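# Coordinate analysis (summary)
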Amino acid sequence: MTDNANSMWGGRFAAGPDAIMEAINASIGYDRRLAPQDIAGSRAHAAMLAACGIISDTDAAAIREGLLTVLSEIETGDFPFSTALEDIHMNVESRLRALIGEPAGRLHTARSRNDQVAVDFRLWVRDQCDQVDAALAALQQSLLGQAEAGADWVMPGFTHLQTAQPVTWGHHMLAYVEMLARDRSRFADARKRMNQSPLGAAALAGTSFPIDRDMTARALGFDGPMGNSLDAVSDRDFALEFLAASSICAMHLSRLAEELVIWSSAQFRFVKMSDKWSTGSSIMPQKRNPDAAELIRAKIGRIFGANVALMTVMKGLPLAYSKDMQEDKEQTFDAADSLMLALAAMSGMVADMTANRDNLKAAASSGFSTATDLADWLVRELGLPFREAHHVTGSLVALAENKGCDLPDLTLADMQGVHEGIRADVFDVLGVENSVASRMSYGGTAPAQVRAQITRWKEVLT
């Protein structure tokens, strides 16, 4: 460690740690990403110290201008980061001292690295919540565009990946719009709860200096200061909530990615993926591989892993701060990067993909997808108890299977051989178009309902 680094410790160590200790102790390799938040926190702190008469206005002005210079150097790539100085806080303060001299040493008055890192990290996670929300809204718009284009396109709805009932393409797309809306609400809820400032809690017990924590909280956009100094420096709930919300969101992305992989296969041919989001095979010229969807599906594991990793770090820590908490940022940074990349890629894929309307309808028309419509008709028109209607329908499905046809292809005589009360108008409910049009309950798959939901979401997303 350099003499300059030792001076940051107030001469506590006669010699620097060896290379192994330096490597395990340093976080500057990744926490340099907190530079904008660190400098914003320091500027707010310096302004408050001056307003409270703890440092002079002259020193505060020098600190403010010096920090702006440091930020400019970082943004242009000219900042001399040093592993020996451990973290972003000490790197910034060391450079500030080189730029403005003695006033830099007054910046850390009434502050500890414990509350400093807590405010920096909280500001960074808060910014990520805002960025994720914007990315989720963009993906919702992509899905909404697909839904509007195919509001009345019939496709099979699945349970157990088996054909269940016909639905519309627009209805399926809107299901993901709903999921992403819940994701957005989770991030918004987490953001609201994390929007309290730990700055001024100092090391763990507060400070004897007459500081104004409300002032720094307002300057940094917080709703107010945290009410307990021990909690302020030891809390990482905000990062855990971000990771938890990210994990649920990532799960939704993985489900959609899985469907895109299946739908784009030669066996389904429901969608064609744009060349922008597909790759070819090195030896099989016929292939179009949905690599972007597959990579999204895989990256989700990193987000899940980050969530578990930070929970594991925090589970055994006594109050207040422990060095274990240095492991909070790298996991969260990686998860945030993975989520933002997955959202951007998914938004592009959805916007560019082309649904095959004919193949969707052909698939919807097979697999006895209107069996439930037949059972409902038997209940509604013939007054059969549903269980009996279910049995009659099952017998008709078995008959169609034996004849190698679908339900609409059976003759009226075939049907009356199973139940003599069946009339010719039963065929009105057996077509997939009629099936989806009849699902007019709120939130149902009928094109009229789908278009109503599209209108609602357009209003929500504007």
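To be clear, the structure that these remarks concern was listed above.
Residues numbered from 1 in each chain as written. Predicted model: local features only at pLDDT ≥ 70, side-chain atom pairs only at ≥ 80, totals over all residues. Heavy atoms only, no water.

### Here we look at the overall build of the chain
Secondary structure summary: the chain contains 19 helices and four strands in total. Taking 23 Å as the expected radius of gyration for a compact globule of 462 residues, we find that the chain reaches 31 Å, considerably beyond that expectation. Taking all 462 residues of the chain together, the buried fraction comes to 48%. Considering only contacts within the chain whose residues lie at least 6 apart along the sequence, 74% involve residues at least 24 apart. (Helix = DSSP H or I, 4+ residues; strand = E, 2+ residues; numbered from the N terminus. Rg over C-alpha atoms; globule rule 2.2 N^0.38 Å. Buried < 20%, exposed > 50% of the residue type's maximum accessible area, 1.4 Å probe, protein only. Contact = heavy atoms within 4.5 Å.)

### Comments concerning the layout of surface pockets
In this structure, the second largest pocket encloses a volume near 280 Å³. In this structure, the second largest pocket is lined by Phe158, Leu161, His171, His172, Ala175, Tyr176, Met179, Arg255, Glu258, Glu259, Ile262 and Trp263. Every element with two or more residues in the lining of the second largest pocket is listed here: α8 (169-194) and α11 (237-263). Looking at the lining of the second largest pocket residue by residue, the class counts come to seven nonpolar, two polar and three charged. (1 Å grid on protein atoms, 1.4 Å probe; cavity = no way out; pocket = protein on both sides within 12 Å on 5 of 7 lines; lining within 4 Å. Points joined across faces, edges and corners; volume = space filled by probe spheres on them. Nonpolar A, V, L, I, M, F, W, Y, C, P; charged D, E, K, R; others polar.)

### Some remarks on empty space enclosed by the protein
The final tally for this structure, using the stated rule, is one cavity of 30 Å³ or more. Put simply, the largest cavity is a space of about 30 Å³. Around the largest cavity, the lining residues are Asp38, Ser42, Leu67, His89, Val92, Glu93, Leu107, Arg111 and Gln116. Of all the elements in the fold, those that place two or more residues in the lining of the largest cavity are α4 (35-51) and α6 (88-100). In terms of residue count, the dominant contributor to the lining of the largest cavity is α6 (three residues). The residue makeup of the lining of the largest cavity, split by class, is three nonpolar, three polar and three charged.

### Thoughts on the side chain of Asp87
Looking at the element boundaries, Asp87 is found in the loop between α5 (57-76) and α6. Among the residues examined, Asp87 registers a relative accessible area of 6% and is labelled buried. One polar contact links the side chain of Asp87 to the main-chain amide nitrogen of His89, over a distance of 3.2 Å. Not counting chain neighbours up to four residues away, the residues in contact with Asp87 comprise Ser27, Ile28, Asp31 and Arg113. (Polar contact = N/O pair within 3.5 Å; in protein donor to acceptor, adjacent residues only side chain to side chain.)

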